[in-house]
Amino acid sequence: MCGIVGYFGPQAPKNILLSGLKKLEYRGYDSAGVAIHNAGEFKVYRAAGKLAELEEKVSKVDFDGRIGIGHTRWATHGLPTERNAHPHKVNGVSLVQNGIIENYAELKKELIANGAQFTSETDTEVVTHLIAQALADSADLMAAIQKVIPKLRGAYAILVVSENEPDTILAFKAGPPLILGQGDGEVFLASDVQAFVEQTNRVVYLDDFEIVKVKGPTFTFYDQFGVEISKPVEVVDISVATSDKKGFKHYMLKEMFEQPRAVANALNPYIDVETKSIDVSRLGLDGAATEIEALKALQGAERIYIVACGTSYYAGLYAKYLIEQLVRIPVDVDVASEFRYRDPVLDKKSFALFISQSGETADTLAALRLAKDNGLTTMSLCNTKRSTIDRESNLHLYMNSGIEVGVASTKAFLSTLAVLNTLSIYLAESRNQINADERAQLVEALLSLPSLMEGVLSYDSFFNQAAETLKNYKGFLYLGRGHNFPIAMEGALKMKELAYLHAEGYPAGEMKHGPLALVDSQMVAVVICPKDKYYDKTISNLEEAKARGGVIFSIGTGQDEELEAMSEHYLSIPESHWMLSGLLSVIPVQLLAYHVADRLGHDVDQPRNLAKSVTVE
Ligand code: AGP
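Residues numbered from 1 in each chain as written. Predicted model: local features only at pLDDT ≥ 70, side-chain atom pairs only at ≥ 80, totals over all residues. Heavy atoms only, no water.

(A) Structural context of the overall build of the chain. The number of helices and strands found in the chain is 21 helices and 27 strands. Against the 2.2 N^0.38 benchmark of 25 Å for 617 residues, the chain shows a C-alpha radius of gyration of 25 Å, consistent with a compact globule. When its C-alpha atoms are laid out on the principal axes, the chain stretches across 75 × 60 × 50 Å. Here the chain holds 617 residues, and 61% of them are scored as buried. For the chain, the computed accessible surface area is about 22700 Å², with 48% contributed by carbon and sulfur atoms. Across the chain, 60 positive and 79 negative side-chain charges occur, with their mean positions spaced 2 Å apart. (Helix = DSSP H or I, 4+ residues; strand = E, 2+ residues; numbered from the N terminus. Rg over C-alpha atoms; globule rule 2.2 N^0.38 Å. Buried < 20%, exposed > 50% of the residue type's maximum accessible area, 1.4 Å probe, protein only. Areas by Shrake-Rupley, 256 points an atom, 1.4 Å probe, with all protein chains shown as cover. Lys, Arg positive; Asp, Glu negative; His and termini not counted. Charge placed at Lys NZ, Arg CZ, Asp CG, Glu CD.)

(B) View of the layout of surface pockets. One number sums up the size of the second largest pocket: a volume of about 470 Å³. Around the second largest pocket, the lining comprises 21 residues; the ones closest to its centre are Gly-310, Thr-311, Ala-611, Lys-612 and Val-614. Going through the elements one at a time, helix H10 (310–326), strand E20 (350–356) and helix H18 (485–499) are the ones with two or more residues in the lining of the second largest pocket. At three residues, the largest contribution of residues to the lining of the second largest pocket is made by H10. Split by residue class, the lining of the second largest pocket holds eight nonpolar, ten polar and three charged. (1 Å grid on protein atoms, 1.4 Å probe; cavity = no way out; pocket = protein on both sides within 12 Å on 5 of 7 lines; lining within 4 Å. Points joined across faces, edges and corners; volume = space filled by probe spheres on them. Nonpolar A, V, L, I, M, F, W, Y, C, P; charged D, E, K, R; others polar.)

(C) Quick peek at unusual backbone geometry. In this chain, His-86 is followed by Pro-87 through a cis amide linkage whose omega measures 0 degrees. For Pro-87, the position within the fold is in the loop between strand E4 (67–73) and strand E5 (88–90). Phi at Tyr-500 takes a positive value of approximately 60 degrees, unusual for a residue other than glycine. Mapping Tyr-500 onto the fold places it in the loop between H18 and strand E24 (502–507).

(D) Structural context of the sheet that holds E24. Read across the open sheet, the five strands follow the order E24-E23-E25-E26-E27; overall the sheet is parallel. Edge strands, defined here as strands with exactly one partner in the open sheet, are E24 and strand E27 (569–573). The mean angle between the axes of side-by-side strands here comes to 15 degrees, regardless of whether they run parallel or antiparallel. As paired elements, strand E26 (residues 551–557) and E27 share five bridges and run parallel to each other. Residue pairing across strands places Ile-555 opposite Leu-571, the latter belonging to E27. (Pairing = 2+ DSSP bridges. Axes fitted to C-alpha atoms, helices over the stretch in contact; angles between N-to-C directions.)

(E) Region of the structure containing the site of the ligand. Around the ligand, the structure places 14 residues, and the nearest of them are Ser-312, Ser-356, Ser-358, Thr-361 and Glu-497. One nitrogen or oxygen atom from the main chain of Gln-357 is found 2.8 Å from an oxygen atom belonging to the ligand. Between an oxygen atom of the ligand and a side-chain N or O atom of Lys-494, the distance comes to 2.9 Å. With the chains in place, 90% of the 410 Å² that the ligand exposes on its own is no longer accessible. For the ligand, the cavity whose grid points lie within 2 Å of the majority of its atoms is the second largest pocket. Of all the elements in the fold, those that place two or more residues in the shell around the ligand are H10 and H18. Class assignment of the residues belonging to the shell around the ligand gives a composition of four nonpolar, eight polar and two charged. (Near = heavy atom within 4 Å. Polar contact = N/O pair within 3.5 Å; in protein donor to acceptor, adjacent residues only side chain to side chain. Sits in = over half its atoms within 2 Å of the grid points.)

(F) Main features of the side chain of Ser-94. Along the chain, Ser-94 turns up in strand E6 (residues 93–101). Setting aside chain neighbours within four positions, we find Ser-94 in contact with Ala-35, Phe-42, Val-44, Ile-69, His-88, Lys-89, Leu-159, Val-160 and Val-161. (Contact = heavy atoms within 4.5 Å.)

(G) Summary view of the pairing of E24. Relative to E24, strand E23 (residues 475–480) runs parallel, the two sharing six bridges. By the bridge assignment for E24, Tyr-478 is matched with Gly-505. With H18 bridging E23 and the parallel E24, this β-α-β connection has right-handed handedness. (Right-handed = clockwise from strand over helix to strand, strands pointing away.)

(H) Region of interest: the packing of aromatic side chains. All chains considered together, the criterion is met by twelve aromatic pairs. Centre to centre, the rings of Tyr-45 and Phe-63 are 5.8 Å apart; their planes meet at 85 degrees, and the pair counts as edge-to-face. Placement of the pair is Tyr-45 in strand E3 (residues 41–48) and Phe-63 in the loop between helix H2 (51–58) and E4, with a sequence separation of 18 residues. Across the pair, Phe-63 and Tyr-45 agree in class, each one buried. Note that Lys-108 overlies the ring of Phe-118, its terminal NZ or CZ placed 4.8 Å from the centroid. (Phe/Tyr/Trp six-rings, centres within 6.5 Å; stacked < 30°, edge-to-face > 60°. Lys NZ or Arg CZ within 6 Å of the ring centre and 35° of its normal.)

(I) Up close: the sheet that holds E3. Spatial ordering of the open sheet is given by E3-E2-E4-E1-E10-E9-E11-E15, a layout of eight strands whose pairing is antiparallel. With one partner strand each, in any of the chains shown, E3 and strand E15 (234–235) form the two edges of the open sheet. Pairing analysis gives eight bridges linking strand E2 (residues 31–38) to E3, with the strands arranged antiparallel. Its bridge partner being in E3, Val-34 is matched across the sheet by Tyr-45.

Okay, structure coming up:
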């Protein structure tokens, strides 16, 4: 996930762009760059590392132009080097992107076959070449990007400038956020209103497949066909925009929208982006012999126990599918309050993982102590460092998702899944279940997650509208198969704890064994149905519910006319590696519960009867 900024106006673009990038550094900080007009061309300056490196590089550079674009990067394609930093420049066209072009490899192959020379490994440079090539036989930049946009598949927000039109910035998106700020005789563009809210509070939010042409201090919006459209200029409450909620109605909504960043932050400490490897030396090891022993116990374990409560338990259930599929060792997952009292038979050659956002959940802590009393090596996965569960474990993983205020867990859960994916890949390679190339491919898929998540988050308004009707139903059945079964369970928990409505998660294959009796025209079946190995079976289960009059809310992947035709509400999320499809399905079930609860007028951040950390039994 990255941050992009653009500016036209009387102020020095260098100052505006750098201060905007500073506000966006949370979105990624492994390299940065600017392209600013000077002496008839867009001068590009880039630097690997934190923004301070770029600031140092341009500190003594003056620009006579009044227009520029900038970028701060979280690497998905290509090493975090200067060569891969944005902006990319090809034949006078300079471009920055936040997102991921899924079909960049085939586009790049075609370009190279037509003689294009590449200097980086990025998907972004591919788009730059495409626009430069299209510009060669187009009237202007607007015409050129209209030829290129239909070729792009993925989730992206892009700013592009050309030396043929030195007073113009073109901006377009599909998925990740892109906002325009209207100043007095100046125009701002950014991934997040935070980048320029101190300059202006008059903003326009671009919707997917819309284009904005900034020409000097004026701007015009177009739809994907180049037809001019009008967009409302909204006024952002600066105090709200700079408050803790950052302009969101609830902390939970803000935290859901922080999830791409939270997942990026969760992955950063464990993944070496240069070598696409998992660096477990960062497992909280301080080199103590006991910890080295603990790591050996993890690598040699013949069975893994995972113990947690609530949402964290569903993350453990998800990990079972991951680890058993990738690592091929048995995984037992327990609710902590059961584990601690059922007198479990624990094998000393096993390893126990305890998942807890707060790190203080009483049942999970008691289960940890029981495992240690039985001689097991333990590891915690917490969001709160130095919490009791963290301190009392032998090894330590962290969600790194930042403080989670909403009682209903969102970003901590997705960060947990991202770290569990990382752990599974590490264990699979350390036990020779996958080779280095397979590991690099899985890591590459994981690194694409934040951008794909931004694309799914852009469907927020879909859920807001769907919630108006869905809030009136008597109950919800959440159905999923395989690693989407735990996601179905988590979706049901969200609906229960936020909307106070009856909701149950079930393996989709269980419908005939009882739950089908619940289904009638007042029951909603939320079906997670990606195009994976379970697809046909899940469709059959969906038909069982539909045949009984159930209302179908389905979450599919890519173009799925069959699923769409069967559903009252259908949402398509990006097709992705099987490891990621479960994580991408989480955001829809979170947004569904949030909007139904909000429409019902509930206190979303502090649902009745609940607490953020259950430190008592
Ligand atoms: C999550 O939405 C719930 N608030 C709850 O189930 C929570 O996940 C559970 O209490 C476990 O908390 P922990 O992760 O802090 O241990």
